[in-house]
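So the chains spell out like this:
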Amino acid sequence: MNVYIHNNHYFMASRKYITITLIAVTILNCVTVWFLWRMPWLVFALTFTGGAILLRLFHDFRIIAVYLLTAVAMTATEILAVTIGIWTYTMPTFYGVPVFLLSVWGNIGIIATSMYKLARNITHEKMPRARTHNELYAQVTWLLIFGGISLSVLVFAWHDIALATILLIGIKIAQIVKMHHMEHKAATILFLSTILGGAIVGEITSVALGVWHYNTDTIFGLPLFIYFSWGSTGLIIAETYTILSSPLVMRWWQRSAKHSLIQH
């Protein structure tokens, strides 16, 4: 009984520290980009440190994987977007983008995943975990299809803001229905939350402060389709975490970790 009470107190304390750190890192991401963007390596150092602390607190291979995948995939997407001229950074570090994108996007991956978990707690919806190989292959395939189509809209339709916006909205509705089945409330909450936090709070302020600017018509500094691109990013991050949460993936990771320990 005493052991159970001790473990429960430890679990509650851990959740408290994680929540406080999540809020701190979210604020850190915004404030450093807004006010220290002329020193990109300093922003990188600060945001990377915040992310490392979060990863240490979570101690979960799924969160680490989401962090790395989001950092690499979204930085690569930004490099592509800058190359074709959708937006331009005022003080780039490499390939037209600042170095801090890696750490900032990695942190956004953790934050979006946590928002999705919170949304599921609010709606009491179960995570659609793949329990068979066919289900897992289907989830991965649909994620790649929706992610690829969303990127294609950004790349090929950005000159036509109305078309890009309509296509993105339609794709995201289909994505929520297809990948979240009948339990789509949490996904919808995440979609809207990332629009609010990423676009309305984060991007509008960043553009106003001169961190980057868009090379097309904008509303409050952003093309209309960018607002929905943020919602799209939130969904893709949540679905990546869902795939990694499959019992099949979890067992594979446990076997790999155990094998690695035996070898060492």
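Description of the structure in this document. Counting restarts for each chain: residues are numbered from 1 in the order of the written sequence. The predicted origin of the model limits local features to residues at a pLDDT of at least 70 and limits the giving and counting of side-chain atom pairs to 80 or more, whereas totals for whole chains, interfaces and linings rest on all residues. By convention in this description, side-chain values take in all heavy atoms of the structure and omit both hydrogens and water.

**Observations concerning the overall build of the protein chain**
A run of DSSP states H or I qualifies as a helix once it reaches four residues; a run of E qualifies as a strand once it reaches two. Both are numbered from the N-terminal end. In terms of helices and strands, the protein chain carries nine helices and two strands. Helices and strands in the protein chain line up, N terminus first, as α-α-α-β-α-α-α-α-β-α-α. In summary, the protein chain has a C-alpha radius of gyration of 19 Å against a globular reference of 18 Å for 264 residues, a match within 12%. Seen along its three principal axes, the alpha-carbon backbone of the protein chain occupies a region of about 60 × 40 × 40 Å. Two things to know: the radius of gyration comes from C-alpha atoms, and the globule rule equals 2.2 Å times the number of residues to the power 0.38.

**Quick word on the packing of aromatic side chains**
When two rings of Phe, Tyr or Trp (its six-membered ring) have centres within 6.5 Å they constitute a pair, described as stacked for plane angles under 30 degrees, edge-to-face for angles over 60, and tilted for the intermediate range. As enumerated under the stated definition, the model contains 10 aromatic pairs in all. A centroid spacing of 5.9 Å and a plane angle of 80° characterise the contact between Trp 41 and Phe 44, whose relative ring orientation is edge-to-face. Within this pair, Trp 41 and its partner Phe 44 are both found in helix α2 (residues 40-58), separated by three residues, close to a single helical turn. For Trp 41, a relative accessible area of 53% gives the class exposed. We call a residue buried when its accessible area falls under 20% of the maximum for its residue type, exposed when it is over 50%, and partly exposed in between, using a 1.4 Å probe and counting protein chains only.

**Digging into the side chain of Arg 120**
In this fold, Arg 120 is placed in helix α4 (residues 101-123). The buried charged residue Arg 120 lacks any salt bridge, with Glu 125 as its nearest oppositely charged partner at 7.4 Å. In what follows, residue pairs with any heavy atoms lying within 4.5 Å of each other are defined as contacts. Discounting chain neighbours no more than four positions away, the residues touching Arg 120 are Glu 125, Lys 126, Met 127 and Ala 186. Counted charges follow a simple rule, with Lys and Arg positive, Asp and Glu negative, and His plus the chain ends left uncounted. By salt bridge we mean one thing: a side-chain nitrogen of Lys or Arg within 4 Å of a carboxyl oxygen of Asp or Glu.

**Things to note about the pattern of salt bridges**
Under the criterion given, the structure shown has one salt bridge. For Arg 62, the salt bridge identified is with Asp 60, shortest N-O distance 2.7 Å.

**Here's the deal with the packing of α4 against helix α7 (residues 185-208)**
To get an axis, a line is fitted to the C-alpha atoms, and for a helix only the part in contact is used. The angle between two axes follows their N-to-C directions and goes from 0 to 180 degrees. It is the contact of α4 with α7, at a shortest axis distance of 8 Å, that shows an interaxial angle of 135°. Relative to α7, α4 is oriented oblique. In this structure, α4 crosses over α7, and the sense of that crossing is right-handed. Contacts from Ala 112, Met 115, Tyr 116, Ala 119, Arg 120 and Thr 123 of α4 reach α7 at Lys 185, Ala 186, Ala 187, Ile 189, Leu 190, Ser 193 and Thr 194. Residue composition of the contact of α4 with α7, grouped by class: eight nonpolar, three polar and two charged. Working definition: roughly parallel below 35 degrees, roughly antiparallel above 145 degrees, roughly perpendicular at 65 to 115 degrees, and oblique for all remaining angles. Crossing chirality is assigned from the near helix's rotation relative to the far helix, an anticlockwise turn below a right angle marking it left-handed and a clockwise turn marking it right-handed. Any residue outside Ala, Val, Leu, Ile, Met, Phe, Trp, Tyr, Cys, Pro, Asp, Glu, Lys and Arg is labelled polar, Gly included; the first ten of those are nonpolar and the last four are charged.

**Examining the nonpolar core**
Within this scheme, the nonpolar core is defined by two criteria: the residues are buried Ala, Val, Leu, Ile, Met, Phe, Trp, Tyr or Cys, and they are joined through side-chain atoms within 4.5 Å. Ranked by internal contacts, the top residues of the largest apolar core, which has 71 residues, are Trp 87 and Phe 225. Take this core: its biggest share by element is 11 residues, from helix α8 (residues 224-244). Apart from residues no more than four positions distant in its own chain, Trp 87 is found in contact with Glu 78, Ala 81, Val 82, Trp 212, His 213, Tyr 214, Asn 215 and Ile 226.

**Some words on unusual backbone geometry**
For Tyr 95, which is not a glycine, the phi torsion comes out positive at approximately 50°. Tracing the sequence through the fold places Tyr 95 in the loop between β1 (87-89) and α4. Tyr 95 sits in the exposed class, given a relative accessible area of 67%. Look at His 124: it is not a glycine, yet its phi comes out positive at around 60°. What makes His 124 exposed here is its relative accessible area of 69%.

**Observations regarding helix α6 (residues 161-180)**
Spanning 20 residues, α6 covers 28 Å between terminal C-alpha atoms, matching the ideal 28 Å at 1.5 Å per step. The secondary structure elements touched by the buried residues of α6 are α4, α5 (133-157), α7 and α8. His 181 occupies a position one or two residues after α6 and carries a positive phi of about 55°. An expected span of 1.5 Å times one less than the residue number is assigned to each helix.

**Notes on the environment of Val 99**
One can find Val 99 in the loop between β1 and α4. Take Val 99: its relative accessible area is 6%, and that puts it in the buried class. Ignoring any residue separated from it by four or fewer positions in sequence, one finds Val 99 in contact with Pro 40, Trp 41, Phe 44, Thr 93 and Phe 94.

**A short note on the packing of helix α3 (residues 61-84) against α8**
Between α3 and α8, the shortest axis-to-axis distance is 10 Å and the interhelical angle comes to 140°. In terms of axis orientation, α3 runs oblique to α8. Between α3 and α8 lies a crossing of right-handed hand. Here α3 contributes Phe 61, Arg 62, Ile 63, Ala 65, Val 66, Leu 69, Thr 70 and Met 74 to the contact with α8, which in turn contributes Thr 233, Ile 237, Thr 240, Tyr 241 and Leu 244.

**Things to note about a nonpolar patch on the surface**
For patch detection, residues must exceed 30% relative accessible area and be free of salt bridges, and they are connected within 9 Å for like charges or within 5 Å for nonpolar side chains (Val, Leu, Ile, Met, Phe, Trp, Tyr). Each accessible area value is a Shrake-Rupley result obtained with a 1.4 Å probe; residue values ignore everything except the protein chains displayed when judging cover. Taken together, Ile 23, Ile 27, Val 31, Phe 35 and Leu 209 make up a surface patch of nonpolar side chains, about 460 Å² in accessible area. Mapped onto the elements of the fold, Ile 27 is located in helix α1 (residues 2-36).

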